[in-house]
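Structural description and commentary
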Amino acid sequence: MPEMAVSESSMDWNKTGSWRSSTPLHKNITPPCNFNCPAGENIRGYIDLLKDKKTKEAFELLTEANPFPAVCGRVCYHPCQASCNRSSLDREINVRKLERFIGDWGMENVNKQALPPTASKKIAIIGAGPAGLSAAFYLRKQGIAVTVYDENSMPGGILRYGIPSYRLEKDVLAKELDRVLHGIEFKSNMRFGSDFDISDLLGFDAVFLATGAHLSKTMNIDGENIPEVESGLNFLKTANSNGSGNLKGKEVIVVGGGNTACDTARSAYRFGAKVTLVYRRTEAQMPAFAEEIEQLKKEPIKIEFLTAPKNIRKTDGGKLGVTFIKMKLGLPDSSGRSRPVPIADSDFEMSVDKIFTAIGEDPDLSFFGNARIKTGGEFDFSDIDERLKARLFVGGDILPNPRTVPHAVGSGRLASEKIAAFLKGEVLTQSEDIEVIAGPGDINFDYFSMINLTKRGSHPAESGFANMDEASSEAARCFSCGVCDHCDNCHNFCPDMAVIKTSNGYHVNLEYCKGCGICARECPRGSLKMDGTE
Amino acid sequence: MDRELLNDNDFLRDSGFCGHTACPGCGEKILLRHVLDVLGPETVIAAPAGCAAVTDGIFPHTVSPVPFLHTAFGAVASGAAGVRAGLDMSGRENVTVLAWAGDGATFDIGLGPLSAIAERNENIIYVCYDNEAYMNTGVQRSSATPSGSWTTTTPSGRLKSEPKKNIDLIMASHKIPYVATASPAFLDDLKMKVAKAKRLTGFRFLRLFSPCPPGWKSDPADSITLARLAVESNIFPLFEIEDGERWSLSYESSGVPVARYLKTQGRFRYLSDDDMARIQRETDRDYNRLKSLHQYNGYQKIVVEEQ
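Everything in this summary refers to the structure shown in the same document. (Residues numbered from 1 in each chain as written. Chains lettered and ligands numbered in written order. Predicted model: local features only at pLDDT ≥ 70, side-chain atom pairs only at ≥ 80, totals over all residues. Heavy atoms only, no water.)

**Thoughts on the overall build of chain B**
Quick reminder of the rule: Secondary structure elements are taken from DSSP: a helix is a run of H or I of four residues or more, a strand is a run of E of two residues or more, and numbering for both begins at the N terminus. Between the two quantities, the radius of gyration covers C-alpha atoms and the globule rule is 2.2 Å times the number of residues to the power 0.38. Burial classes follow relative accessibility: with a 1.4 Å probe on protein chains only, a residue under 20% of its type's maximum area counts as buried, one over 50% as exposed, and anything between as partly exposed. Every residue pair with non-hydrogen atoms within 4.5 Å of one another is taken to be in contact. Working definition of accessibility: Shrake-Rupley area with a 1.4 Å probe, residue cover restricted to the visible protein chains. Neither His nor the chain ends is counted toward charge; the positive residues are Lys and Arg and the negative residues Asp and Glu. To locate a charge, take atom NZ for lysine, CZ for arginine, CG for aspartate or CD for glutamate.
Secondary structure assignment for chain B yields 13 helices and 8 strands. Relative to a compact globule of 307 residues, whose C-alpha radius of gyration would be 19 Å, chain B shows 18 Å and is just as compact. Projecting the C-alpha coordinates of chain B onto the three principal axes gives extents of approximately 60 × 45 × 35 Å. The buried share among the 307 residues of chain B stands at 59%. Partitioning the contacts of chain B with sequence separation of at least 6, the portion at a separation of at least 24 is 70%. Surface accessibility of chain B: about 11,900 Å² in total, with carbon and sulfur atoms responsible for 53%. On chain B, the mean spot of the 33 positive side-chain charges and the mean spot of the 37 negative ones are 4 Å from each other.

So, in structure tokens, the structure goes:
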């Protein structure tokens, strides 16, 4: 008989997993920023790298989806920020500045990236804007030879000729384009349909058409064809090409409420004009980005809402006489916005020197004769030359998606994937899984404390972070919504030690997990849920 | 924050901590695994009758990866002192003796022997995992049960009206080297306090907040959330008392209303708004006294010194 009873074996045989009625499951869900990025960036991913000051890795991850971080860090409207869950606690993460920080780092530190040698496949891209160049960049990265045609003398498209330099500095664009165009053949001053045609494209395995939308919509009023009535896009192109304008002391009217109208008005003001912007609806219906409108309102530019031009004529003094009519908001139209309705006998006159119209743009597809965009928004391939039709891909602003730089980038990258699949004789299939988006309800706010934002200092909206520390402390505010960042809560709080750390995450030992659910409740970011099934 | 303290020692990982029979969401088991993690394999546990003793294993099996001595309900202090004496006699002063007792064995049944070994300043770490009633035997009231709480011996209509016994003050009155409270929701603080206790010699008393889903009628998934609320509402403030004199608050809470904590648990479901207002006033009063004790001595931060 021993002096006392002694236990010498463990309780491993007691498989307490049989008690369980619901099961924890580690499953990352989509952060709202990633979901809302038109360019398809892994925003949470590069912010996570910036937390640890891994700027190089962040740059590499970002440019897997978007070759233009420095450009987009300046001109993108950042829907990621609008959907950031952190705004439920204090203020959203400033993704714009983080992206710009990464982009600026890339301009300083990344010159020519190593490229694989090109194989026998050759692709032609028509249009050297953000869509065409994104497609070119990702195809070239895969060892596919790319030739980019553009009607202008310089690459960049809307980035160069549409966006004023006070929003996107020309040297930033030049540096970024230099990196993106590395290894890609660029043919300037080549307008499709006049300088080259379908027969020149027959030697290519596929063709990507991304010529954008450059036809200004017309107002359909008398006097529209007077030379002093010009499209805003044309003005921006001239202004951006030679950097000068002769508007000193001139009275100028800009018609429209979109981004082009805002850019035109602000550019004209910078060339010395006295600018009035007229828009037939109210500020709430302006299609321009909120940020653009905010900047516009800060300038000494007069804005007349609920006003539309009725007719224009040349007066004796060489000026333009314009008759305007006041509008009121009526019932919603097909765009969902209130339709402006003219108010009878509300006409008034103005005398000005110039009128810029910016009421929307259409793609110029005259080189395809009758080929047009179908009402559903799809491209109509039916009338196109048979020799080209089977190898033609279309993207960018030609399609009536929201016409923004990130949408164009995303469209270009998607085209590159479709073309790469096509070259292998495949068709790109898109995942049909329903994406689950991490909302504020997935965040355990107990794990995040408010940061006194007044201490964080203020930066002008159009500047970047001063240094790495500033950028990484902003990145550290990110919740990493829906994506496990190995905080160990599930492991540490398990009463049964059934959540085991592995080299790449966690494994739940279902032999012993009793299903108490503490791990899921204490997950700060919704990447662990009680799933209920096995 | 000292991340090293949060890394599991290999001995705990190798042996696993699986197969014990504690209820889902048990606070005591979260506490035990992290305390053992800090104390390491050179530890002997002495435990009286109670949840820990029952759930550790079924004879001849044990889940704890260190020797585990079962004692009679009131005798854990004496048993631990005996283990200490035996170890010292055989030259094994380096082995830590951990008395691991619930609130029933500490506040009520074992208080006499506890006072005796505290007064003798026995070289023991005594942990009370405080789940505020006799849970293992079926949720009977103890002197650790807070007023207003339902138990099977204080049913609705006759809820406990007496306040919770202030065991920390009793232990501090013995002028022992170290008294501290800690919570499983604040693991860094908990592990630093256990590490500090391990470095000290003499009698060390830790009272650890131990959520009990069946006894408190709470959702097992809420165990950590309500432990955090207990601290944030000042129901269970985190503090230390050194040498029975030097008080220091370990954490400045955000002061959430006690009602938020009380409403997480079915044992408080019979409380009226007036009762909650009274508990709020009592909690504020006790916390203010604690703050004044802390201020009287000057703030002392817990620093884990390099060994």
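**Some points on the sheet that holds strand 6 (residues 204-209) of chain B**
Residue and element names in this part refer to chain B. For clarity, the cut-off: A pair of strands is considered paired only if DSSP assigns at least 2 bridges between the two. Fitted lines through C-alpha atoms give the axes, limited to the stretch in contact for helices. The angle between two N-to-C directions lies from 0 to 180 degrees.
Strand order in this open sheet of 8 strands is 2-1-3-4-6-5-7-8, and the pairing throughout is mixed. Two strands bound the open sheet, and with one partner strand each, they are strand 2 (68-70) and strand 8 (246-249). The sheet shows a mean angle of 15° between the axes of neighbouring strands, taken without regard to direction. Alignment of strand 1 (residues 43-47) against strand 2, held across 3 bridges, turns out to be parallel. What sits directly across from A47, in strand 2, is H70.

**Observations regarding the environment of M154(A)**
All names here are of chain A. Along the chain, M154 falls in the loop between strand 3 (145-149) and helix 8 (158-161). Sequence separation between M154 and K175 is 21 residues, and the spatial gap between their C-alpha atoms is 13 Å. Non-local contacts of M154, meaning those with residues more than four positions away in its chain, are made with R160, Y161 and F186.

**Concerning the pairing of strand 11 (residues 307-314) of chain A**
Judged from the 7 bridges that link them, strand 11 of chain A and strand 12 (residues 320-332) of chain A form a sheet pairing that is antiparallel. Each residue of the ladder has a partner; that of K314(A), found in strand 12 of chain A, is L320(A).

**A word on the interface of chain A and chain B**
The line we're drawing: Simply put, the buried area is the total loss of 1.4 Å probe accessible area from both parts when two parts are fitted together. Salt bridges are defined as contacts in which a side-chain nitrogen from Lys or Arg sits within 4 Å of a carboxyl oxygen from Asp or Glu. Between N or O atoms, a polar contact is any pair within 3.5 Å; within protein, one atom must be a potential hydrogen donor and the other a potential acceptor, and residues adjacent in sequence are included only when both atoms are from side chains. Polar here means any residue outside two lists: the nonpolar Ala, Val, Leu, Ile, Met, Phe, Trp, Tyr, Cys and Pro, and the charged Asp, Glu, Lys and Arg; Gly therefore counts as polar.
Every contact between the two is made by 32 residues of chain A and, on the other side, 40 residues of chain B. Roughly 2,900 Å² of surface becomes buried between chain A and chain B when both sides are summed, with 55% attributable to carbon and sulfur atoms. Considering only the side of chain A, the residues that lose the most area to chain B are M11(A), N492(A) and M497(A), jointly responsible for 23% of the buried surface there. Connecting chain A to chain B are 4 salt bridges. Here D222(B) makes a salt bridge to R521(A), at a shortest N to O gap of 2.0 Å. At the surface where chain A touches chain B, the tally comes to 20 residue pairs in polar contact (both at pLDDT 80 or more). Elements represented by at least two residues in the side of chain A that touches chain B include exactly helix 16 (489-492) and helix 17 (518-521) of chain A. Of the residues belonging to the side of chain A that touches chain B, the class tally is 15 nonpolar, 9 polar and 8 charged.

**Quick notes on the pattern of salt bridges**
Applying the stated rule across the entire model yields 59 salt bridges over all chains. We note a salt bridge from E474(A) to R477(A), for which the minimum N-O separation is 2.9 Å. By relative accessible area, R477(A) is classed as buried at 2%. One salt bridge connects R207(B) with D168(B), and the closest N-O pair in it is separated by 2.8 Å. In this pair, R207(B) is assigned in strand 6 and D168(B) in helix 8 (residues 167-172), connecting sequence segments 39 residues apart. The two residues R207(B) and D168(B) agree in class, both being buried. It is possible to trace a salt-bridge network through shared partners that takes in D130(B), E132(B), K164(B), D168(B), R207(B) and R267(B).

**A word on helix 2 (residues 43-51) of chain A**
Residues and elements named next belong to chain A. Along helix 2, the residues classified as buried are I43, R44, G45, Y46, I47 and L50. Buried residues along helix 2 sit against helix 1 (32-36), helix 3 (55-62), helix 5 (79-82), helix 6 (95-109) and helix 15 (468-475). Between the side-chain oxygen at the start of helix 2 and the backbone nitrogen of G45 there is a gap of 2.8 Å, and the oxygen is on N42. The first or second residue beyond helix 2 is K53, which carries a positive phi of 60°.

**Some words on the packing of helix 2 of chain A against helix 15 of chain A**
All names here are of chain A. Our working definition: Every angle not falling under 35 degrees, over 145, or within 65 to 115 is termed oblique; those three ranges are roughly parallel, roughly antiparallel and roughly perpendicular. Each crossing is labelled by how the near helix is turned from the far one, with a counterclockwise turn of less than a right angle marking it left-handed and a clockwise turn marking it right-handed.
In the contact formed by helix 2 and helix 15, the axes pass within 8 Å of each other and the chain directions differ by 125°. On the basis of the axis angle, helix 2 is oblique to helix 15. Crossing handedness for the pair helix 2 and helix 15: left-handed. Contact with helix 2, carried on its side by I47, L50 and K51, involves M468, S472 and A475 of helix 15 and no other residues of that element. Grouping the amino acids of the contact of helix 2 with helix 15 by side-chain chemistry returns 4 nonpolar, 1 polar and 1 charged.

**A few points about unusual backbone geometry**
Omega for the bond connecting F59(B) with P60(B) falls within 30 degrees of zero, at 10°, which places this linkage in the cis form. Mapped onto the elements of the fold, P60(B) is located in the loop between helix 4 (51-55) and strand 2. Residues other than glycine seldom take positive phi values, yet H78(A) does so here, at roughly 50°. The residue H78(A) is located in the loop between helix 4 (69-75) and helix 5 in this model. On the basis of relative accessible area, H78(A) is assigned to the buried category, the value being 5%. For E132(B), which is not glycine, the phi dihedral falls at a positive 65°. Locating E132(B) in the fold gives a position in the loop between strand 4 (125-130) and helix 8.

**Overview of the sheet that holds strand 15 (residues 354-357) of chain A**
All names here are of chain A. Judged by pairing direction, the sheet is parallel, and its 5 strands sit side by side in the order 7-15-8-9-10 without closing on themselves. Lying at the two open borders of the sheet, with one neighbouring strand each, are strand 7 (229-231) and strand 10 (302-304). Neighbour to neighbour, the strand axes of the sheet diverge by 25° on average, direction disregarded. Summarising the sheet, strand 8 (residues 251-255) and strand 15 pair through 4 bridges and their orientation is parallel. Of the residues in strand 15, the one forming a bridge with V255 is T357.

**Focus: the pairing of strand 18 (residues 499-502) of chain A**
Consecutive side chains along a regular strand alternate between the two faces of the sheet. Residues and elements named next belong to chain A. Strand direction decides the pairing type here: strand 18 and strand 19 (residues 505-508), joined by 4 bridges, are antiparallel. Residue pairing across strands places K501 opposite Y506, the latter belonging to strand 19. The antiparallel hairpin formed by strand 18 and strand 19 contains 2 residues in its connecting segment.

**Digging into the nonpolar core**
Under the convention used in this document: Here, nonpolar core means buried Ala, Val, Leu, Ile, Met, Phe, Trp, Tyr and Cys residues that are tied together by side-chain atoms lying within 4.5 Å of each other. Where each domain starts and ends follows an automatic or database-derived domain assignment.
Among the nonpolar cores identified, the biggest contains 62 residues, and Y46(A), I47(A) and I125(A) are the most heavily contacted of them. Considering every element that reaches this core, the biggest residue donor is helix 7 (residues 130-141) of chain A, with 7 residues. Both domains that meet at this core, namely domain 2 (32-110 + 444-475) and domain 3 (122-214 + 363-423) of chain A, each give it at least three residues. Apart from residues lying up to four places away in sequence, Y46(A) is in contact with E41(A), A58(A), L61(A), L62(A), V95(A), E99(A) and I102(A). Counting residues in each nonpolar core, the second largest holds 61 residues, with I518(A), V38(B), W150(B) and A230(B) among its members.

**Topic: helix 15 of chain A**
All names here are of chain A. Just so we agree on the cut-off: Directions pointing from the helix axis toward each C-beta atom define the arc.
What helix 15 keeps buried is the set A471, S472, E474 and A475. Down the axis of helix 15, the smallest arc covering the buried residues is 160°, so these residues share one side. Next to the buried residues of helix 15 lie helix 2 and helix 6. With a side-chain oxygen positioned 3.2 Å from the backbone nitrogen of D469, the residue opening helix 15 is N467.

**Quick word on the packing of aromatic side chains**
As a reminder, the rule being used: Think of it this way: a Phe, Tyr or Trp ring, Trp meaning its six-membered ring, pairs with another when their centres are within 6.5 Å, and the plane angle makes it stacked under 30 degrees, edge-to-face over 60, tilted otherwise. The criterion is that NZ of a Lys, or CZ of an Arg, lies within 6 Å of the ring centre and within 35 degrees of the ring normal, and then a charge sits over that ring.
Going through the model one piece at a time under the given rule, you end up with 27 aromatic pairs over all chains. Relative to Y251(B), the ring of F186(B) lies with its centre 4.8 Å away and its plane at 55°, an arrangement referred to as tilted. Of this pair, F186(B) sits in the loop between strand 5 (178-182) and helix 9 (187-199) while Y251(B) sits in the loop between strand 8 and helix 12 (258-262), and the two are 65 residues apart along the sequence. Here the aromatic residues Y149(A), F192(A), F196(A), F204(A), F367(A), F368(A), F379(A) and F381(A) are joined through ring pairs into a cluster of three or more. It is K237(A) that lies over the ring of Y161(A); its NZ or CZ is 5.5 Å from the centre.

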